[in-house]
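Spelled out from the first residue to the last, the chains are:
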Amino acid sequence: MFTGIITQTGTISEVNRQPEGIRIGVKYPTLAGSLSIGDSVAVDGCCLTVEKKGKEGFEAYISYQTMEHTTFARVQQGRIVNLEPALRADSRIGGHMVTGHIDSVTKILSIEKREQAYRIKIKLHPKLSPFIAVRGSVAIDGISLTVSEKKENWFAAAVIPHTYSSTNLYTRQASGEVNIEVDIIARYIANFIGSQNPEDADKLLKEKLKKHGFI
């Protein structure tokens, strides 16, 4: 598990394409010293396993299945990536619970500077729309963001200067692809409601809302 709080970035130092996937090298000397073989690391939000490590970084294998659902299908050497080591049981959760399991690849529609902050506008695929809510959480390239606006085919989030400068967002431009992971709680709620009879689900939801004083 991860939190979506990015404090460091790395560089793709090697891309070795193989028949059923790719092996990448990630350069980040400081992080490498704290990792062990078998550790999980979120690279642009995708949970990868450290298979080799050295003084300058680590190597990880990406299967064909992961490639199909992430931006790693078109990864190039020199790309700046967001890095987050796996959450420790005694760590603070500053963002939200992120699994590292990417739901889809989508595109940046725009990045606009608003005084000191930034507004990032993201294309919203219909299949993910039920999981995106204003003031809800979403992970973009592993970055925990809060949804500020939502329309039929896009949503937006405000990005503070620190997040913009300490992640790979400063390298991104409109039309660039990003990994998106919806909030895990929203995913399970939607799955539960979808598995119920519509009338039963509606009744259950009303009972819960009444119980907690919303209606």
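Scroll up a little and you will see the structure.
Residues numbered from 1 in each chain as written. Predicted model: local features only at pLDDT ≥ 70, side-chain atom pairs only at ≥ 80, totals over all residues. Heavy atoms only, no water.

Asker: Describe the sheet that holds strand S4 (residues 46–53), naming the residues involved and giving the relevant values.
Answerer: Taken in spatial order, the 6 strands of this closed barrel run S1-S2-S5-S4-S3-S6, and their pairing is antiparallel. This sheet shows a mean twist of 45° between the axes of neighbouring strands, independent of strand direction. Across 7 bridges, strand S2 (residues 21–27) lies against strand S5 (residues 57–63) in antiparallel orientation. Looking across to S5, one finds that Ile24 is bridged to Ala60. (Pairing = 2+ DSSP bridges. Helix = DSSP H or I, 4+ residues; strand = E, 2+ residues; numbered from the N terminus. Axes fitted to C-alpha atoms, helices over the stretch in contact; angles between N-to-C directions.)

Asker: Break down the packing of aromatic side chains for me, with residues and values.
Answerer: What the rule picks out here adds up to 1 aromatic pair. Plain terms: the ring middles of Tyr118 and Tyr164 are 3.7 Å apart, the flat faces sit at 10° to each other, and that makes the pair stacked. Taken together, the residues Tyr118 in strand S8 (residues 117–123) and Tyr164 in helix H3 (residues 161–166) connect sequence positions 46 residues apart. Look at Tyr164 and you get buried, because its relative accessible area is 16%. The ring of Phe72 carries the charged tip of Arg79 above its face, separated from the ring centre by 5.4 Å. Looking at Lys121, its charged tip hangs above the ring of Trp154, at a distance of 4.4 Å from the centre. (Phe/Tyr/Trp six-rings, centres within 6.5 Å; stacked < 30°, edge-to-face > 60°. Buried < 20%, exposed > 50% of the residue type's maximum accessible area, 1.4 Å probe, protein only. Lys NZ or Arg CZ within 6 Å of the ring centre and 35° of its normal.)

Asker: Got a sec to walk through the layout of surface pockets? Specific residues and values, please.
Answerer: Each pocket or cavity is described by its volume, and for the largest pocket that value is around 320 Å³. If you trace the largest pocket, you find 18 residues lining it, with Gly4, Ile5, Ser144, Ile160 and Thr163 closest to the centre. Among the elements of the structure, strand S10 (143–150), strand S11 (154–159) and H3 are those that each provide at least two residues to the lining of the largest pocket. Among the elements that make up the lining of the largest pocket, the one with the highest residue count is S10 (4 residues). Residue composition of the lining of the largest pocket, grouped by class: 7 nonpolar, 11 polar and no charged. Around the second largest pocket, the lining residues are Thr71, Arg74, Val75, Gln76, Arg79, Ile80, Asn168, Thr171, Arg172, Gly176 and Glu177. (1 Å grid on protein atoms, 1.4 Å probe; cavity = no way out; pocket = protein on both sides within 12 Å on 5 of 7 lines; lining within 4 Å. Points joined across faces, edges and corners; volume = space filled by probe spheres on them. Nonpolar A, V, L, I, M, F, W, Y, C, P; charged D, E, K, R; others polar.)

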